[in-house]
Amino acid sequence: MSISVANAAISEPEKGGPLEKSISQLVDSDSVSHELSIGRSQIIFEEYLHYAAIQRLEEDGWTPGSGEPIAQKRDNWFSRLSDHKGPNVNVDVQDAKPRPMTPDEIERANASRALRLASWSAIFYLITTDILGPFNAPFAISQVGWVPGIILYFFMGVIALYTGLILWRLFIRLDSLRYPLKTYADLAERIFGRWARHVCTVLQSIQLLVNVGTICLSNGQALSQMSKGKLCFSVCIVLWAFLGMFIGQIRTLKNYGWLANSAVWINLLIIFLSMGFVAHSPPNFAAAQSSLGVQPGPVVTSKFGHLPLFSQVNGIMNMVFAYGGAMIFPEMMAEMRRPMDFWKGMAMAQSLIFAAYLLYGCFVYAFQGQFTLGLAYQGVSKFAWQTIGNALSVVTGSIAAGLYGNIGIKVVYINVVEDWFHGPALMSRKGHVIWFFMVLIYWSLAFVIGSAIPQVQTITSLLPPLLSCNSPTLSHPSCASDTTSLPMPWPLIRLTGQARVPVVE
C-alpha cells in the first residue's frame, strides 16, 4: 500500500466521491478490525498505521498539521534509536491534518491516556520480575553439560530479545490514542482479524490464571516446608491467595513498579546468598537421591551431558522456558508514556537476566555437579539456609503472581466488562468497584486451581506448546515460528515433576 493511499484513507472523503469508493474497495474481512467503542465500524488497516505514526511524533512534542519540520531532539545514539521513524513507523504524516475525534474516540483516548504513566525504567523492573527466575538454571546446565548449556542459554537469550523487538515494532506501528492497543489479543486482531482476538484472549487468560494458581501452590509448599508440616497445607496455599487479593487492588503498572523493583533486588539477594551457601555447604545428598536418583559420592561435572535423552530434553526445555514472558509485553507497552522507549527497558532486562542465568547456573553447577536440584537454593544441606531461600522466594513469587494477576484481570475486564457489557472504563470510579470484585473472584479461582487440580505444576509444562498461537513470531509475516518466544510459565516453578525437596536438618 503506498503512502499516499494510506494517508488518504484517514481523511474525510467526499460522500459518494471516488475517494470513498476507493476506500470501500480496501475493506475486506482480512484487513479490518472492529473497534469496541465505535459500534463495530470497519476500520482500514492503513488507518491504524497513519494514526500510530502521528501518535509517535506527538509523544516527541510535534503538533499534527502545524507544518513544522520533524526535529530530532536527541543527540546520543542510545536515544536516537528510539527516535528512528523509518522502518518502525513508515508512513509520512508530516503534512497530515487528522480529522476531529468523535465523542467515543475522545472517551477512549482519555481512558487510554489515564493508564499511560510508566517509564522505560519501570518496564525494566516489570520485565525482570516477569522473566527472571534463575533458580533452575544450574539444573538445566547439569542435564546437558557445560558446553551445550552455555551455548543454548546464549542463543535462547538472543532469540528472546529478537522476538521482544518484533512485538515492540508491531505495537508502535499500530497503537495510538485514537485506536489504542490494550492487550496481546488486540495486536492479533489487527493483523489476522476478529477470530484471532478471541483465540488469543481465551488462551492468554487460561495461561495467566494457571500461572497464578501454580505460584500459589509453590508458595504454599515453601511455607509448609518452613513450618516443617505443622501448618495445614490448604491454609499454606490460601494465605497467598488472600495476599494476592490485597496486592491485586493495584490497577496500573506504574503503581506496581515499586513492587517489581523490590522483586528484582530480592531475586538478586537470593542468588548471591545461595551462591555463598552452596560454596560453604555440601550438596543435599538425600534430596538428590530422592528426587533425581543420584547416589552420594564425589561431585562430577562434564563438558557434555551423558544422561538419557529425556533428561537432556527436560534441561533444554527449562532453558526455553527461562526466557518466557513475552505474552504480556503488549500490556506493558500499553501503559507507557512513550512506547518507543520500550526496547531500552527490555534490552537491559534481558541482559541482566542472561547474566544472572549464566553466573548462577555455572557457579552452582561447578560446586554441586550431578547433585544439582531443580530449585538450586534447596541444594544446601542445612535446613536454616533452605528456609532463608524459601522465605525470600515466596516474596518474589507473590510479586510475580500479582503481576500476572494484574494483566490477567485486565484482559478479562477489557474483553468482558468493556466489550460485552459496554461497562465503564477501568480507571473510572465504577470501574474501580468492578475491579475490586473481579480481583476477589480471580484469586479465588487461582486458589481452586492451585489446590484442587492434581499435578497442576505438570500441566503448566503442557500449556506453552498448546498456546503457541501467542508467539510474537506468528504475528510477524516475515518471521518463522519459534518456540523460545512462547509465553512460558514463571521459571522458578518448573520443578521437573517433584514438588519440593525433602528437608534435611
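For the structure itself, consult the block above.
Chemist: Looking at this structure, how should I read the overall build of the protein?
Modeler: When its secondary structure is counted, the protein shows 20 helices and two strands. Expressed as a percentage of the 505 residues in the protein, the buried residues total 56%. Of the contacts made within the protein by residues no fewer than 6 positions apart, 81% connect residues no fewer than 24 positions apart.

Chemist: Just to check I follow, could you spell out the environment of Ile453 for this structure?
Modeler: With respect to the helices and strands, the residue Ile453 is situated in the loop between α18 (429-452) and α19 (456-460). Counting along the chain gives 240 residues from Ile453 to Gly213, while the straight-line C-alpha distance between them is 9.8 Å.

Chemist: Looking at this structure, how should I read the packing of helix α8 (residues 146-174) against helix α16 (residues 342-368)?
Modeler: In helix packing, the relevant descriptors are the interaxial angle and the interaxial distance, both defined with respect to the helix axes. At a closest axis distance of 10 Å, the pairing of α8 and α16 adopts a crossing angle of 165°. Taken together, α8 and α16 sit at an angle that is classed as roughly antiparallel. At the point where α8 passes α16, the crossing takes the right-handed sense. Seen from α8, the contacting residues are Trp146, Ile150, Tyr153, Phe154, Ala160, Leu161, Gly164, Leu165 and Trp168; seen from α16, they are Phe342, Trp343, Met346, Ala347, Gln350, Phe354, Tyr357, Leu358, Cys362, Tyr365 and Ala366. Residues of the contact of α8 with α16, tallied by class, amount to 18 nonpolar, two polar and no charged.

Chemist: I tried to follow the nonpolar core on my own but got confused; where do I start?
Modeler: A general feature of soluble globular proteins is that nonpolar side chains tend to end up buried together. Ranked by internal contacts, the top residues of the largest apolar core, which has 113 residues, are Ile127, Tyr153, Phe329, Met332, Phe342 and Tyr357. Per-element accounting of this core gives the leading share, 13 residues, to helix α12 (residues 253-279). Setting aside residues no more than four positions away along its own chain, Tyr153 makes contact with Asn136, Ala137, Ala140, Ile141, Met319, Ala322, Tyr323, Phe354, Tyr357 and Leu358. By size, the runner-up hydrophobic cluster in this structure holds five residues, among which are Ala287, Ala288, Phe371 and Leu373.

Chemist: I'm lost on the packing of aromatic side chains in this one. Help?
Modeler: Pairs of aromatic rings are described using the distance from one ring centre to the other and the angle between the two planes. Applying the stated criterion to the full structure yields 16 aromatic pairs. Summarising the aromatic geometry, the rings of Phe124 and Tyr125 are spaced 5.0 Å apart at their centres and angled 65° between planes, so their arrangement reads as edge-to-face. Linked through ring pairs, Tyr48, Tyr51 and Tyr179 together constitute an aromatic cluster. Here the guanidinium or amino end of Arg190 rests over the ring plane of Tyr48, the centre of that ring lying 4.3 Å away.

So, how was this worked out
- Residue numbers here run from 1 along each chain, matching the order of that chain's written sequence.
- Side-chain atom pairs in this predicted model are given and counted only at pLDDT of 80 or more, local residue features only at pLDDT of at least 70, and totals for whole chains, interfaces and linings cover all residues.
- Calculation of side-chain values draws on the structure's entire complement of heavy atoms; hydrogens and water are dropped beforehand.
- Where helices and strands are cited, they refer to DSSP runs of H or I of at least four residues and of E of at least two residues respectively, numbered from the N terminus.
- A 1.4 Å probe rolled over the protein chains alone gives each residue an accessible area, and that area as a share of the maximum for its type sets the label: buried under 20%, exposed over 50%, partly exposed in between.
- The contact criterion used throughout is that any non-hydrogen atoms of two residues lie within 4.5 Å.
- Lines are fitted to the C-alpha atoms to define the axes, a helix being fitted only along its stretch in contact, and any angle between axes, read from their N-to-C directions, falls within 0 to 180 degrees.
- To sort the angles, those under 35 degrees are grouped as roughly parallel, those over 145 as roughly antiparallel, those from 65 to 115 as roughly perpendicular, and the leftovers as oblique.
- Helix crossings are classified by the rotation of the near helix relative to the far one: an anticlockwise turn of less than a right angle makes the crossing left-handed, while a clockwise turn makes it right-handed.
- Three classes are used, and their members are as follows: Ala, Val, Leu, Ile, Met, Phe, Trp, Tyr, Cys and Pro are nonpolar, Asp, Glu, Lys and Arg are charged, and the others, Gly among them, are polar.
- Here the nonpolar core consists of buried residues drawn from Ala, Val, Leu, Ile, Met, Phe, Trp, Tyr and Cys, with membership extended through side-chain atoms lying within 4.5 Å.
- In this scheme Phe, Tyr and Trp rings, the latter by its six-membered ring, pair at centre separations within 6.5 Å, and the angle between planes marks the pair as stacked below 30 degrees, edge-to-face above 60, and tilted otherwise.
- Placement of a positive charge over a ring is assigned whenever Lys NZ or Arg CZ falls within 6 Å of the ring centre and within 35 degrees of the normal to the ring plane.

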